[in-house]
Amino acid sequence: MPYSTGFRPIALLTDFGHTDAFVGILKGVILFIHPEARIVDLCHGVSHQDIGHGAHLLDISLDYFPRGTIFCAVVDPGVGTNRRAVLVETRDYFLVGPDNGVLWPAASRNNIRRVIHLTRSRYFLPRVSATFHGRDIFAPVAAHLSAGIDPGAFGAEVSGLTRFAFPEPEPFENGLILSIRHIDTFGNIGLNLASEQFMPFAEQGFLIRINQTTINRYYDTYAAAPEKTLFVIADSAGFVEIALKKGHAASQLDVDKQDTGVTVTIEPCSDFKKG
Amino acid sequence: MPYSTGFRPIALLTDFGHTDAFVGILKGVILFIHPEARIVDLCHGVSHQDIGHGAHLLDISLDYFPRGTIFCAVVDPGVGTNRRAVLVETRDYFLVGPDNGVLWPAASRNNIRRVIHLTRSRYFLPRVSATFHGRDIFAPVAAHLSAGIDPGAFGAEVSGLTRFAFPEPEPFENGLILSIRHIDTFGNIGLNLASEQFMPFAEQGFLIRINQTTINRYYDTYAAAPEKTLFVIADSAGFVEIALKKGHAASQLDVDKQDTGVTVTIEPCSDFKKG
Amino acid sequence: MPYSTGFRPIALLTDFGHTDAFVGILKGVILFIHPEARIVDLCHGVSHQDIGHGAHLLDISLDYFPRGTIFCAVVDPGVGTNRRAVLVETRDYFLVGPDNGVLWPAASRNNIRRVIHLTRSRYFLPRVSATFHGRDIFAPVAAHLSAGIDPGAFGAEVSGLTRFAFPEPEPFENGLILSIRHIDTFGNIGLNLASEQFMPFAEQGFLIRINQTTINRYYDTYAAAPEKTLFVIADSAGFVEIALKKGHAASQLDVDKQDTGVTVTIEPCSDFKKG
């Protein structure tokens, strides 16, 4: 089947993990509908039903994919309820998934052109379950879309898309209260502090407090940091993270992605300069 | 190389996990033999050497793949012994793997056309080890098959295929004794009770007993259930599962896939109706 | 885009795991540059920043891939420092990654033709971070290479490649002191003893000592071994491993891949012959 509208690979993002057949079934469904579809695993390790984590991973990945990529994002705690299933067309991409916020940060940053409410059941599997819309709705729609079907064929255009906002740093005395965006597989703790926001602190010296621990070192590379010392580094996505060379910062600090009780602050402290 | 007999993607199902190179090597072998092969990961998280788990995942996935798909299923505790290596041609699919039962539920449900005993070593790797037939036999055969080789070329037709039966519910007073088919990554406990078998219980009210806990609620969707309450839901594969909203039912009930000592029963109980 | 120089699939080997978007981003970058690229996951479960583990997995996998395969190996604790980024052309393959030893065992065994220092930034992403060269340098170079760019275009040829040697067995009385190469997902403990080196021991009887435990059984297949008994078996990569049927040898022996304090010895012992 020719790509009538250009190259449209499908990037899958789910919280399905790797110990079940859920992801494999999505791929089977896609190949069933469009044998030539190009399928890429973006990530299946989103924390279970964690819309914010999925939104974060989608947001930091989007720009690295080619124009025309279809992101099929299935983090869907409201499956089977009346939350909408949507297809979002942005300047460069398509995003398919539940309208629960998971698509918002990536889609809104790439200029939303239109939001389609997925209602045309001819593009779904014949039987739609109440618990697995990834298989029954989102993968089939992504497959048809990758085969060149026009977005408008899947349903009516609607006006809104559910928003999701990562928390912003909040002012606190002469510093900021931060929050944890993400903990990666290396144990690095991603903060909601953009590298540019951090630069004034880095230049004048700073003190980060997290769970009774203070951190005042900043390095450009992991290798430059001394071993066994917690430090701050610019991550690869434009934010700042707390790292521990040859160690797992999150374990050492006893910090968990889901733990909402952790307070992180940063304040200027001229005793410490860039390491 | 043209597909002489249509589209034949290869779906890989193994217990190899993701921390070794085993799966990658299978893919290298396939591409070596058939550079145009279309390879899909069905699942590599089958519990180690657990034929039943592999058979279950293959069984619930089969129908979602396109006609002509080659399922290469490597869950093979008897590797190197005289268990047969086979290729099963069914109405719609091909299944390649050890003849130890892992192929049975899926193959038999799709109408077995013929079973080929894999003996023609020209289609294997030149050296066949005693411990890794996935690499040395199954992946090469799947690759040649995907390139259009006729199933009959791989060996002689044989009459039988080793059976594997999931345990059926057993009568118990006015209810049933059930067993656990599967625990998924979300902690949902899949029971060997088909949705249709469950419906009479759902309508008149029921009581499920599992490890000193009783469950009497049934919901159509995860979202409809109250938090922190164990409940029953129809899963996406036609069976019934025990779930815990925003929690991990298996952990809460201290139930393990391998734990054969768990007794699960269901009985009618009109005190409780559908929630 | 035609493959001007033959079939060049890209095999990815990283320590990125599966809970982040790192691997997905590599794939996005590759497809962005070369939409027709054929991408294969070799393994993303390399122990974090463990160059030896990465080198081992690459070494045992190489030969199973077709000629022309581009191995993109990102195990890179020195990212952002002055360690070189290189492309190695061998008799049959291309290897792209940091020049820290991870490429050495595989590359040197396949006859190194030339080593290119990756310096031509026109083949990198426009902005190169200090922490994610997989995304910014290695994946882009692999993608351009897969599209047919000549290796010489990526930089100047240099003379050396950083070596990495797995420890060899050392003489010890009338036996050998061994070390652990690898522990796989099944718990099998891979030793640095080639099958041929082991054969004399197997024939005359032997005693392996590891963490206060002795092992003297050798079997050709997992199935031939009795249950709950530690034994030795030739692995699928040409070495010898310690296994436990229906068990996890490494857990039972309390052995960890990273634990350098474990002493393993083998000595002849005629009391025990092949089981």
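Residues numbered from 1 in each chain as written. Chains lettered and ligands numbered in written order. Predicted model: local features only at pLDDT ≥ 70, side-chain atom pairs only at ≥ 80, totals over all residues.

K.L.:
How do you make sense of the relation of the copies chain C and chain A when you look at a structure like this?
P.N.:
Note on the chain copies: they are related by a rotation about an axis and a translation along it. For the pair chain C and chain A, the best superposition has an RMSD of 0.0 Å and corresponds to a rotation of 120 degrees with a translation of 0.0 Å parallel to the axis. Taken together, the rotation and translation relating the two chain copies correspond to the operation of a three-fold axis. Relative to the rotation axis, the closest C-alpha in chain C is found at His18 of chain C, a distance of 5.0 Å. Of the residues that chain C buries at the interface, just 4% are likewise interface residues in chain A, meaning the two copies contact each other through different surfaces. (Least-squares fit on C-alpha atoms with pLDDT ≥ 70 in both. Contact = placed C-beta atoms within 7 Å.)

K.L.:
Looking at this model, I keep getting lost on the relation of the copies chain B and chain C. Mind explaining?
P.N.:
Once chain B is rotated about the relating axis by 120 degrees and shifted along it by 0.0 Å, it coincides with chain C to within an RMSD of 0.0 Å. Different-surface contact between copies: only 4% of interface residues of chain B are shared with the interface of chain C.

K.L.:
It is not clear to me how the interface of chain C and chain A should be interpreted in this structure. Could you clarify?
P.N.:
In many analyses, interface size is given as the accessible surface area lost on bringing the parts together. Every contact between the two is made by 25 residues of chain C and, on the other side, 26 residues of chain A. Top contributing element to the side of chain C that touches chain A by residue count: helix 1 (residues 22-33) of chain C, with 7 residues. Looking at side-chain class alone, the side of chain C that touches chain A contains 11 nonpolar, 11 polar and 3 charged residues. (Helix = DSSP H or I, 4+ residues; strand = E, 2+ residues; numbered from the N terminus. Nonpolar A, V, L, I, M, F, W, Y, C, P; charged D, E, K, R; others polar.)

K.L.:
Which parts of the structure should I look at to understand the sheet that holds strand 12 (residues 206-210) of chain A?
P.N.:
Strands pair in a sheet through their backbones, by hydrogen bonds, and they do so in one of two ways: parallel or antiparallel. All names here are of chain A. Taken together, the 5 strands give an open sheet; going across it, the order is 8-9-16-12-13, and neighbouring strands pair in antiparallel fashion. Of all strands in the sheet, those bounded by a partner on one side alone are strand 8 (170-172) and strand 13 (213-215). Ignoring which end each strand starts from, the neighbouring axes of this sheet average 25 degrees apart. Both strand 8 and strand 9 (residues 175-178) contribute to a ladder of 3 bridges, which runs antiparallel. Note that in strand 9 the partner of Phe172 across the bridge is Gly175. (Pairing = 2+ DSSP bridges. Axes fitted to C-alpha atoms, helices over the stretch in contact; angles between N-to-C directions.)

K.L.:
Please explain the packing of helix 1 (residues 22-33) of chain B against helix 4 (residues 133-146) of chain B as it appears in this structure.
P.N.:
A pair of packed helices is captured by two measures, namely the crossing angle of their axes and the spacing between those axes. Residues and elements named next belong to chain B. For the pair helix 1 and helix 4, interaxial distance at closest approach is 9 Å and the crossing angle is 40 degrees. Of the possible angle classes, the one that applies to helix 1 and helix 4 is oblique. Once helix 1 is placed against helix 4, the crossing between them reads as right-handed. Along the contact surface, helix 1 presents Ile25, Leu26, Val29, Ile30 and Ile33, while helix 4 presents Gly134, Arg135, Ala139, Pro140, Ala142, Ala143 and His144. Among the residues forming the contact of helix 1 with helix 4, the class breakdown is 9 nonpolar, 2 polar and 1 charged. (Parallel < 35°, antiparallel > 145°, perpendicular 65-115°, else oblique. Left-handed = near helix turned anticlockwise from the far one by under 90°.)

K.L.:
Please clarify how the nonpolar core should be interpreted in this entry.
P.N.:
Where a protein is soluble and globular, its nonpolar side chains tend to be buried together. Residues Cys72 of chain A, Cys72 of chain B together with Cys72 of chain C are the most contacted members of the largest nonpolar core, which totals 286 residues. Beyond its immediate stretch of four places on either side in the chain, Cys72 of chain B contacts Ile10, Ala11, Leu12, Val96, Gly97, Phe138, Ala139 and Ala142 of chain B. (Core = buried A, V, L, I, M, F, W, Y, C linked by C-beta atoms within 7 Å. Buried ≥ 20, exposed ≤ 12 C-beta atoms within 10 Å, placed from the backbone.)

K.L.:
What am I meant to see in the environment of Leu161 of chain B here?
P.N.:
Residues and elements named next belong to chain B. Examined against the element boundaries, Leu161 turns out to sit in the loop between strand 7 (157-158) and strand 8 (170-172). Counting along the chain gives 54 residues from Leu161 to Ala107, while the straight-line C-alpha distance between them is 9.4 Å. Not counting residues within four places of it along the chain, the set of residues in contact with Leu161 comprises Val86, Val88, Asp99, Leu103, Trp104, Ala107, Ile112 and Val115.

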